[in-house]
Amino acid sequence: MDVGGSLLSQILLETITPVVMVLPTPLVEEACQKNNLNFVQILRPFCFYDKIDVPVRTASDQPYRLQKFKLRMFYASEIHQPRIESAEEHLRQVVDNASEKAFAELQGNPQQLEVVQKMAESESLSSWLQVYNKEFIHTLSFSEHEAFDHPIACLLVVSSKDENPVNKFVDLFNTDLLPSLLNEGAMDPKILKHYVLIHDNEDGPADKANEILLEMKGTFGPHDCRLLCINSLQSNEEIIPEDIWTPFVSSSLADNSSSDHVLGLCFNRNDLEQINEFMQEFSVKNIIPYMEQKIRSLNQQVSATRKGLKNQFKNLWWHKGKDETADVSNGSIYTFSSIESQIRILGDYAFMLRDYELALSNYRLLSSDYKIDKAWKRYAGVQEMIGLSLFMLDQSRKEAEYSLETAFTTYQKIGASGQRYATRCALWWSELHKARGQFKEAANVYFRISSEEPSLRAGILLEQAAYCYLRANPRMLRKFGFHLVLAGNRYTICGQRKHAIRAYMCVLPVFEGDGWNYIRDHVHFNLGRWYAVLGKSELAIQHLIRLLACSHQSAVTQEMFLGDFLRVFQSVGKKYEMLKLKLPAINTTSLRIHFEDHRTYASATAILLPEKTWQYLEEGLVPSTSPTSSNWLDSAARSSSKSLKGKDSNICIAGEAINVELEFKNPLHIPIEISAVSLICDFIPEMMLEKIGVGHHGEKEIGSEIAVSNHSIDEEGNISDRGASSLVLSEEAFSLKGGQSMMVHLKVTPKMEGFLQIVGVKWVLSQTVTGRYDFTSQLPKKKRVKGKSNDSTEYPSHQRLKFFVLKHLSRLEGTIHRMPVKTNVGELHRLVLELSNQSCETIKNMKLKISHPRFLMVGELEDLDAEFPACLETKKNKRVHAGCVIEDDSDVKTKSSNTIFTFPKDISIEGESTLLWPLWLHTGEAGMISLSMSIYYEMQTPSEYMNYRVMRMHYNVQVVPSLDISVHITPCPSRLQEFLLHLDIRNYNSSESFWLRQISSVGKQWKLASLKPSLLDIKETEDESDSNAVNSAYLSASVCPSQLLPAGQALSLFFRLMDTGKCTSLNDSDNYMNGQFSSDVKLGPPSSSEPLIDVSCGPLLKFHFEERIARKEVLIQNPSERSSVSDLTSTNCQLFGTVDLILAVEQQDEACKLSLGDLSDAQRISSHHICHCSVINDCPIWWIMEGPKTVIHDFSSPSFCEIKFYLTIKNCSNMSISVSVETSDNESVVDQTSDTPQASAARNQVGWYDISLETDEMGKVKEGPGQGASSIIPSNEFSELQTAVPCSPFMWFALSSTNIKQLGPQSSVTLPLSLSAFAPGVYDLSNYKLLWTLHQDKIDPHMKLDVRSTASTDEHDRLEISSLNIQNEASTFSGYGTGGTYSGIALGHPFILTVLQSTCSKSQTFGS
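Residues numbered from 1 in each chain as written. Predicted model: local features only at pLDDT ≥ 70, side-chain atom pairs only at ≥ 80, totals over all residues. Heavy atoms only, no water.

Points about the overall build of the chain
Counting its secondary structure elements, the chain contains 36 helices and 57 strands. Buried positions account for 52% of the 1408 residues belonging to the chain. Total accessible area on the chain is roughly 65600 Å²; 50% of this is exposed by carbon and sulfur atoms. (Helix = DSSP H or I, 4+ residues; strand = E, 2+ residues; numbered from the N terminus. Buried < 20%, exposed > 50% of the residue type's maximum accessible area, 1.4 Å probe, protein only. Areas by Shrake-Rupley, 256 points an atom, 1.4 Å probe, with all protein chains shown as cover.)

What follows is the structure, given as structure tokens:
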């Protein structure tokens, strides 16, 4: 380690040097004051010698040379330790004077960490921190326990003008003028004396002075006397330009000289050379030899008394008697003549002459004495010097640190009198660590002592500790920032705001990142307050503005930050826009710019819809674009002389507002007031565009110097408006609660043609501060398409800030009246579309397209005047709607969803007029329905860049569940072509009730009828006077007697569904549209007078078509939903069709839902469409067996009974079929569901069987498990027949197998059958089967064959399908071939025949 180059060694060479006491006369000071200096100040610049090269010998006669030497000059009055108050005031003045110097040392922006680190690494003696340390050490000079501050020599200075100068020299060195320590015996009065005679050349020649000098030499000796002539500057000479005295002025605590005057006014260069020569000779020829001689004499004395074995024992014995003495920490018992004081002087003299080994040996010798004597202050001082000596020798680093630590702790143990010496020792100790590169350890020492010092010195120590952490390897930035903040806080306590500002500014780059929010706020807040106190309001605002968005702080703290910011801003007295105002916070990603070119919007919801959605809807509505251009406007622009469309610009129309949506958020917990929110825009009129020569694509940047802006700032900082005549800007004002976000809608409307650019937004916070936010610097980067050149990059249209403004064009405005926000599923609404033309020109050639024709349709113009819902009811001679004709079910979706409604040619909208047109809304499913509508129109006088416009409308309708309807259709086993229709209806609405009005079937193939009991049929044909009987009969029917279905309730309805034999083809559009195909059943009691709803025409018919299409798509995409309806992809559905149902419901509002009589207050009609319900069995044939149910016969004569039956078979398909009927005597289908022993035995029996029944005490039959109504009790005389007979009890005869080769479509045939019963019993006659084969000329290979039974769950009704007998599979399914067949086997329907024994000989039959 280079000890000589370290900062500590430089400090020691500056601090621990010989002291010379000066005793001048008043006339000497008078002559010196002509130069605005005293005598000591004149000599101080010449007391330091960097290259003196003086030979010196050690006490052991070892030669060495001194290269550097320094003297410290003090008046005798200054040689005393100042009072603590005076010392602290002097140090405060040093800190005050260094405030500006400290900023200059940074040499750059203190907010850059590299600048701070560079300053810390370039530490030197001239640093203000080291200046303070040196001044602090100087305040501890002239202590009684240390000798290096005691005077070595004394300069006695007399003026040549003094009377009896020789006597003056004698009088100066008396006890009154000497230091107190000298008089008290702490200092040796026998010091070197040197006599100086001062002559002022302004008083005349130096002849008299030379005479006095000769007298002095005769009295005091020739080598100790010297003559100095000063003030030799002549009038014709220039003043010495070099100022060598300023650094030494006010270096003394007692010096109050002013540095405001020019120093050295009367000196010339001869005077300076003479003074320099005198000081050098005085040091080399007097001071150094004297000290060398003193060291030798003291060393001999110490060696004679303390060194050697004899002296050591003697000293030990002498100190034993002092063990019981009291602790004398101040050491006043030691005079200058004591051996301890002599050893201390020897050590200090050796240290000042660089003989560190001699000094170390004496310090060690003295340390044990002071420790034994318990002279702790002197002991600590010696330990301090041991550590410094070891450092200068670069020996035993651990011992050096240990010695300094021992001195530090010993000083602290002494108490208040030793605290300042402990701080000095800590400074040596930390500098020792820094010299060895141990910056972390040095910082720990600084921090350790800072807690014991007052605020000012503690702040300086903490600042030095922070710089040590910054210089550590690696850098400890968090500790650096933390200690520097503590230092700034201490500076604040003692009123040093400039130093506090400097410390806090240096710490800013450390805490700018995340995770340091609170300490960063503390720094900015205090910087703002301190700058405000210093009168620098603008700098204060720069820091206080950083605190406005402190969302992590409490509400009280946020209110304090905001209040201070507003008060400081008001104190400035000048208005200007602040770009960095972060309150409120602006979400840049939320920026949306909504404008209208050829696309106009009727509502805000239409604007928010994606552009791709509108483009898809408007396909076919607007003119097709050229494939070579991106849009029609670009194509038209290329053909014109100038292009208005650029990569980052849009087009708008003069007089039409541009809407900007921007989200403002309050990040605080307290409410804030925002006012005067408006856009900042630049506008260039069209005439100026031609002058500046804007390019074809707007590529040339438009300079702000020619733009007409809606805002400007004059030279005085005031805001003015210049573009008020060209732009109309909206202003918004609002308040934001804590944490609240608000989407603010701003508008700018250009009044004329030209170029418009949106620059940003401005606002006023709390009626005080005007904030500004520029969009151009915050927008995201342009999109770049991969593989394309840079010319293809562009901003999204909703973020483009530049607009070319075209001339005013006609604009269509529209709204839909009575559009519900919330409605029920199936509810039908009649709406009114209002189109308004606010311009003076005519709008013509209008077309309309709707996104969801399933829910919204265009009505007829006559519907506006009709009453609702009377217009939906059945009327005589009602004109049938001749709207669009649906030709094919497969074309329904295409034609309805892509249908464009064209207004009649004779209909146009004149200027300032309105057109009304009816619309129908039907909500077919629950959820949120998004309805969009585009209306194309043309202007009477279009622009050369725009010949049509499109108005876009959008509405959201919430549809809540109402009724859930499930359908079950069961074939009637007793009647051909008749079914039982079962409807389960549940009301899922939690608040509304519904009145069931009617049920209708769609199509002429099917007819609906209600299930009425026979009593009601009879009463209807007779006189209706007995109404009670009629109502009683009706209430016993299965149809719901009441129309009301309350909320949350459910009910079931049953109807007869009959096949009329008229198969409906979807291609039969004429009959379908003429309305002659519906079958209606009115629900409710017969007394109800509500007319039927006509579902065969009008909006209900159109919506039914749309529901069929939508339901078909759902069933195809979700096969799991096909359970309640027919599988649309099966073969039989394509062959035989399905049935559609419409349930008409009337809704009642909350106020009248409990009122059963008053139905006219709030009539709301709903229609529920149930589509694609399967009404037939998957088997293509239907059949029924007719014959007696009960036969009574006497089997005694004859022994068998012959019974006649008839089997009717109908071909339900549209193709020819062949059927084979086979009967069986040995097979019977028995109930397989029962597991009783009787049932198990019955499975092996044929024809009839006996099941024994138990009787109770009353003789009544008790049914057991598995026993039903079909069981009989044989008579006692036939008990022997209870056992199984060996042969079958009945037999088919006559035609046991019949073949029908050709049965035409929709035709039927009746076959006679005969059966012989040989014993009484109950017979199941389902043991026959029908084998059918369907002949088809053309087979669709893509047709899915899925035949399943929906007729009954009984096992007797199972349909067993054999494997398809398709010949030549390759030729059949590879295309449309011929000869393909489908075949299957159908088992017989259950038919129970009861044969009883008769007591008479005549047979009887019943139930045929």
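Moving on from the model shown.
With respect to the packing of aromatic side chains
Centre distance and the angle of the planes are the two values used to describe a pair of aromatic rings. Tallied over the entire structure, the rule returns 31 aromatic pairs. Relative to Phe220, the ring of Tyr195 lies with its centre 3.9 Å away and its plane at 20°, an arrangement referred to as stacked. Linking Tyr195 in strand 8 (residues 192–200) with Phe220 in helix 10 (residues 207–220), this pair joins segments that are 25 residues apart in sequence. An identical accessibility class is assigned to Tyr195 and Phe220; each is buried. A connected cluster of aromatic rings, assembled from ring pairs, spans Phe169, Tyr195 and Phe220. Arg44 extends its terminal NZ or CZ atom over the ring of Phe74, reaching a point 5.7 Å from the ring centre. Positioned above the aromatic ring of Phe173 is the side chain of Lys193, whose terminal nitrogen or guanidinium carbon lies 4.2 Å from the ring centre. (Phe/Tyr/Trp six-rings, centres within 6.5 Å; stacked < 30°, edge-to-face > 60°. Lys NZ or Arg CZ within 6 Å of the ring centre and 35° of its normal.)

Observations regarding the environment of Gln1302
Inspection of the secondary structure assignment puts Gln1302 in strand 50 (residues 1297–1303). Between the C-alpha atoms of Gln1302 and Ser1218, which are 84 residues apart in sequence, the distance is 5.1 Å. For Gln1302, the side chain forms a polar contact with the side chain of Ser1216, separated by 3.1 Å. (Polar contact = N/O pair within 3.5 Å; in protein donor to acceptor, adjacent residues only side chain to side chain.)

Things to note about the side chain of Asn824
Position of Asn824 relative to the elements: it lies in strand 26 (residues 822–824). Overall, the relative accessible area of 3% leaves Asn824 in the buried class. The residues contacting Asn824, other than those within four sequence positions of it, are Thr923, Val959, Val960, Ser962, Asn989, Glu992, Phe994, Gln1147 and Arg1164. (Contact = heavy atoms within 4.5 Å.)

Things to note about the confidence of the model for the chain
Mean pLDDT for the chain: 77, with 74% of residues reaching 70 or above. For residues 320–332, every residue scores under 50 in pLDDT, and the model assigns this stretch 16 contacts once sequence neighbours within four places are set aside. Within the model, pLDDT remains below 50 along residues 876–897, and this stretch shows 32 contacts once partners closer than five positions in the same chain are excluded. (pLDDT = per-residue confidence, 0-100.)

Description of the pairing of strand 52 (residues 1321–1324)
Going residue by residue along strand 52, you find Gly1321 and Tyr1323 tucked away on one face and Val1322 and Asp1324 tucked away on the opposite face as well. Taken together, the four bridges between strand 52 and strand 56 (residues 1392–1397) define a ladder with antiparallel strand orientation. Paired with Gly1321 across the two strands is Val1395, which belongs to strand 56. (Pairing = 2+ DSSP bridges.)

Comments concerning the packing of helix 7 (residues 128–138) against helix 19 (residues 455–471)
As a packed pair, helix 7 and helix 19 sit with axes 11 Å apart at the nearest point and diverge in direction by 135°. The orientation of helix 7 relative to helix 19 falls into the category oblique. For the pair helix 7 and helix 19, the crossing hand works out as left-handed. Contact with helix 7, carried on its side by Trp128, Leu129, Gln130, Tyr132, Asn133 and Phe136, involves Arg457, Ile460, Glu463, Gln464 and Tyr467 of helix 19 and no other residues of that element. (Axes fitted to C-alpha atoms, helices over the stretch in contact; angles between N-to-C directions. Parallel < 35°, antiparallel > 145°, perpendicular 65-115°, else oblique. Left-handed = near helix turned anticlockwise from the far one by under 90°.)

Looking at unusual backbone geometry
Following Asn473, the chain continues into Pro474 via a peptide bond in cis, with omega recorded as 0°. Along the chain, Pro474 falls in the loop between helix 19 and helix 20 (477–493). Here Leu583 and Pro584 are connected by a cis peptide whose omega angle stands at 0°. Positive phi, normally seen in glycine, also occurs at Phe142, with a value near 60°.

Points about the sheet that holds strand 39 (residues 1050–1059)
Strands sit in the order 34-35-39-37 across an open sheet of four strands; the sheet is antiparallel. Looking along the sheet, the strands with just one partner apiece sit at the ends: strand 34 (963–971) and strand 37 (1006–1010). Across the sheet, the mean angle from the axis of one strand to that of its neighbour is 30°, orientation sign disregarded. Note: strand 34 against strand 35 (residues 978–987), nine bridges, orientation antiparallel.

Focus on a nonpolar patch on the surface
A surface patch of nonpolar side chains, about 230 Å² in accessible area, is lined by Ile239, Val262 and Leu265. Note on placement: Ile239 falls in the loop between strand 9 (225–230) and helix 11 (269–305). Among the residues examined, Ile239 registers a relative accessible area of 40% and is labelled partly exposed. (Patch = residues over 30% accessible without salt bridge, like charges linked within 9 Å, V, L, I, M, F, W, Y side chains within 5 Å. Salt bridge = Lys/Arg side-chain N within 4 Å of Asp/Glu carboxyl O.)

Considering the pattern of salt bridges
Inspection of the entire model under this criterion finds 42 salt bridges. Between Arg457 and Glu88 there is a salt bridge; the shortest N-O distance is 2.9 Å. Placement of the pair is Arg457 in helix 19 and Glu88 in helix 4 (residues 84–97), with a sequence separation of 369 residues. For Arg457, a relative accessible area of 3% puts it in the buried group. In this structure Glu88 comes out as partly exposed when scored by relative accessible area, which is 23%. The residue Asp188 makes a salt bridge to Lys294 at a minimum N-O spacing of 3.5 Å. Linking Asp188 in the loop between helix 9 (180–184) and strand 8 with Lys294 in helix 11, this pair joins segments that are 106 residues apart in sequence.

Remarks on the sheet that holds strand 31 (residues 913–922)
With antiparallel pairing, four strands are arranged side by side in an open sheet as 25-27-31-29. If you trace the sheet from one side to the other, it starts and ends with strand 25 (812–817) and strand 29 (856–858), each paired once. Each adjacent strand pair in this sheet contributes to an overall mean axis angle of 30°, direction not counted. Pairing between strand 25 and strand 27 (residues 828–837): six bridges, direction antiparallel. When the sheet's bridge partners are listed, Thr815 is paired in strand 27 with Glu834.

Some remarks on the packing of helix 21 (residues 497–507) against helix 22 (residues 517–533)
Packing of helix 21 against helix 22 leaves a shortest axis separation of 10 Å and a crossing angle of 145°. Crossing hand, helix 21 versus helix 22: left-handed. Contacts between helix 21 and helix 22 pair Arg497, Ala500, Ile501, Tyr504, Met505 and Val507 from the former with His522, Val523, Asn526, Leu527, Trp530, Tyr531 and Val533 from the latter.

Re helix 4
Its 14 residues place the ends of helix 4 20 Å apart at the C-alpha level, agreeing with the 20 Å of an ideal helix rising 1.5 Å per residue. Along helix 4, the positions that sit buried rather than exposed are Ala87, His90, Leu91, Val94 and Val95. Angular distribution of buried residues about the axis of helix 4 spans 145°; they occupy a single face of the element. Exposed residues pointing more than 90 degrees away from the buried face of helix 4 are listed as Glu85 and Asn97. (Expected span 1.5 Å × (residues − 1). Arc of directions from axis to C-beta.)

Brief notes about the environment of Asp188
On the basis of relative accessibility, which here comes to 17%, the residue Asp188 falls in the buried class. For Asp188 and Ser337, which are 149 residues apart along the polypeptide, the C-alpha to C-alpha distance reads 7.7 Å. A polar contact is formed between the side chain of Asp188 and the backbone nitrogen of Lys190, at a distance of 3.1 Å.

A closer look at the side chain of Ser1218
Its place among the elements puts Ser1218 in strand 46 (residues 1217–1223). Within the structure, Ser1218 has its side chain in polar contact with the side chain of His1335 (distance 3.4 Å). For Ser1218, the residues in contact, after removing those within four places along its chain, are Ile1300, Lys1301, Leu1331, Trp1332, Thr1333 and His1335.

Points about the environment of Ser1010
Turning to its location among the elements, Ser1010 is positioned in strand 37. Along the sequence, Ser1010 and Leu1083 sit 73 residues apart, while their C-alpha atoms lie 9.0 Å from each other.

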